[in-house]
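Structural overview for review
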Amino acid sequence: MHVTDPSSQLLTWKVNALSVLVIKKIYDESVIEPFKALVTYLSKEKNLVIFVEAGVQKEESILNDDHFTSIRNKMKTFKEGDDITDKIDFIVCLGGDGTLLYASSLFQEGSVPPVMAFSLGSLGFLTPFEFDNYQDSINAVLKGNSSVTLRSRLNSHIYTDDNIPNNNHNYDHDSIFGTEHKLPDPPNLKVKFQVLNEVVIDRGPSPYLSNLDLYLDNRHITTVQGDGLIISTPTGSTAYAAAAGASMIHPNVPAIMITPICPHSLSFRPIIIPAGVELKIMVPPDARHTAWVSHDGRSRQEIHKGWAVRITTSIYPVACVCRRDQISDWFDSLAECLHWNVRQRQKGFTKTCAINNGKSESESD
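Residues numbered from 1 in each chain as written. Predicted model: local features only at pLDDT ≥ 70, side-chain atom pairs only at ≥ 80, totals over all residues. Heavy atoms only, no water.

1. Describing the overall build of the protein chain
- A count of helices and strands for the protein chain gives eight helices and 22 strands.
- Structurally, the protein chain occupies a C-alpha span of about 85 × 60 × 45 Å along its principal axes.
- Looking at the protein chain as a whole, 48% of its 365 residues are labelled buried.
- Here the contacts in the protein chain between residues at least 6 apart in sequence split such that 72% fall between residues at least 24 apart.
- With an accessible surface of roughly 19,500 Å², the protein chain has 50% of that area assigned to carbon and sulfur atoms.
- With 34 positive and 42 negative side-chain charges, the protein chain shows a separation of 2 Å between the mean positions of the two kinds. (Helix = DSSP H or I, 4+ residues; strand = E, 2+ residues; numbered from the N terminus. Buried < 20%, exposed > 50% of the residue type's maximum accessible area, 1.4 Å probe, protein only. Contact = heavy atoms within 4.5 Å. Areas by Shrake-Rupley, 256 points an atom, 1.4 Å probe, with all protein chains shown as cover. Lys, Arg positive; Asp, Glu negative; His and termini not counted. Charge placed at Lys NZ, Arg CZ, Asp CG, Glu CD.)

Written out as C-alpha cells, the structure is:
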C-alpha cells in the first residue's frame, strides 16, 4: 500500500502562465479597491490576460473610475455557462469561502485551474492568503513549486428513474488512450453538477419526515428518516456537515462523508466511506412526500418517487494553492475560523498547594 505524502503536491508550470481569472465577492464595496489594485498589477506588471465576469465591468465603482478605464478595456469577459476551461491558467479569488465555491462551479465539464484565494469575506476557511502582501504572494505562485491541496469534488447526477448508466457513461473507451469523446447525456438525466462542499437531500417545504433509501454500490444500506441527508467531501466536512455533528476530515483524505440531518434515531451517526464507491439515494414508493436536492447551496431540484440521485467522486479536484503547506493551512483555519479546541488552559498547582502523598503541605503538618 502506497500512502501519498501531501508535501509532494506542488504547483509547477510547464510554461509561464498567460491568463488569470479573477473572481471577486459580489455586493461588497470593500472588495472594489483590492480588485482594482490586483487587476492593475496582474495586467501592467505581469502582462497577464485578465478574465472577469461580464457583470463586473458594469459595476458603477468600476465604470466611473477614469483611472481604471485602460485596464477595464483590456479585460476579457464571460458569462456563467460559457466554457472557459482552456482559456484560464489560474484563478484568483477575492472574498470568502462562497467565492471559491462559485469559482469551482464555473468548471463543470473538466479540470479546474489552480486557485489562489485571498481572505476578504466573512469566514475564510478556504481562503488562506492575506491581501496586504498580495504582490509577494502572486510572485511566489507564478515562480512555481508552491504547495497545493487537491480538494476532491463530487459528481451528482439526478435521474428520473432507476435506470442509471455505468460510471463512465459520459465518455467512450478512447478516453483510456488520452482522447476523450463526449457522449450524449442519457434521456433520463435531469440534472448534473460537480460540488466542492456537499450534496444535500432534504424534505423541502414538506412537514413530514424525509424518507430516503440509501444504496452503496447498488446495495441497500439503510432508509434515512429525518430532515435529510448531507453527502460531503472532506472539504465540505467543515461546512454544513460539521454543523450537523459530523467529524472534520483533512482534504487530503480520500473519503466521502454521510451525515444525517436531525435523524429520527439516536443511533444514526455520521459515517465516513471510501472515495471510490458509488452512492445512490432514492425516494421510496411509500414516502409521504417528495424530496429536494441542492448542490453547494445552489441548483435546487425537486426529486419525486422513483427518481435516483447518483453520487461519485469526481476525477477533477480543485487545486488550492497553500499559503504555507497542506497541514499548517488546515490547522490554522480550524483555530482561526472555528476556534477548534479553544479553551482556557488548566492552571497548575502553586507551591502552597503542592501535593504530598495525596495531601497538601498544610494537611501534612
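Picking up after the structure, the text goes on.
2. Let's talk about unusual backbone geometry
- Residue Asp 217 is not a glycine yet carries a positive backbone phi of 50 degrees.
- With respect to the helices and strands, Asp 217 occurs in the loop between β11 (210–216) and β12 (219–226).
- Asp 217 sits in the partly exposed class, given a relative accessible area of 46%.
- Positive phi values are uncommon outside glycine, yet Asn 218 reaches one of about 70 degrees.

3. Quick word on the state of the cysteines
- Applying the stated rule across the entire model yields zero disulfides.
- Cys 322 carries a free sulfur, and the closest cysteine sulfur to it, the one in Cys 320, is 8.0 Å from it.
- Take Cys 322: its relative accessible area is 6%, and that puts it in the buried class. (Disulfide = S-S within 2.5 Å.)

4. Re helix α1 (residues 32–45)
- If you check α1, its first and last C-alpha atoms are 19 Å apart, about what 14 residues at 1.5 Å a residue would give, namely 20 Å.
- Residues of α1 that are buried: Ile 32, Pro 34, Phe 35, Lys 36, Leu 38, Val 39, Tyr 41, Leu 42 and Ser 43.
- In this structure, the buried side of α1 is in contact with β2 (19–24), β3 (49–53), α2 (60–63), α3 (69–74), β5 (90–95) and α5 (134–143). (Expected span 1.5 Å × (residues − 1).)

5. Section: the pattern of salt bridges
- A complete count under the given rule lists 13 salt bridges for this structure.
- Across the salt bridge formed by Lys 24 and Glu 59, the nearest N and O atoms sit 3.0 Å from each other. You can see Lys 24 sitting in strand β2 and its partner Glu 59 sitting in the loop between β3 and α2, a full 35 residues away along the chain.
- For Lys 24, a relative accessible area of 4% gives the class buried.
- A salt bridge links Asp 227 to Arg 203; its shortest N-O distance comes to 3.5 Å. Here Asp 227, found in the loop between β12 and β13 (228–232), pairs with Arg 203, found in the loop between β10 (198–202) and β11; they are 24 residues apart in sequence, far enough to count as distant.
- Linked by salt bridges that have partners in common, Glu 33, Lys 36 and Asp 65 make up one network. (Salt bridge = Lys/Arg side-chain N within 4 Å of Asp/Glu carboxyl O.)

6. As for the pairing of strand β8 (residues 154–159)
- Counting buried residues in β8 gives six out of six residues, a clear majority hidden from the surface.
- Because side chains alternate across β8, one face comprises the buried residues Leu 154, Ser 156 and Ile 158, and the other comprises Asn 155, His 157 and Tyr 159, equally buried.
- Taken together, the six bridges between β8 and strand β9 (residues 189–195) define a ladder with antiparallel strand orientation. Note that in β9 the partner of His 157 across the bridge is Lys 192. (Pairing = 2+ DSSP bridges.)

7. Notes on the sheet that holds β12
- Read across the sheet, six strands follow the order β9-β8-β19-β16-β11-β12 without closing on themselves; strand pairing throughout is antiparallel. The open sheet is flanked by β9 and β12, the only strands paired with a single partner. Averaged over all neighbouring strand pairs, the angle between strand axes comes to 20 degrees, with direction disregarded.
- Two elements, β11 and β12, share seven bridges in a ladder whose sense is antiparallel. Its bridge partner lying in β12, Leu 214 is registered against Thr 222. (Axes fitted to C-alpha atoms, helices over the stretch in contact; angles between N-to-C directions.)

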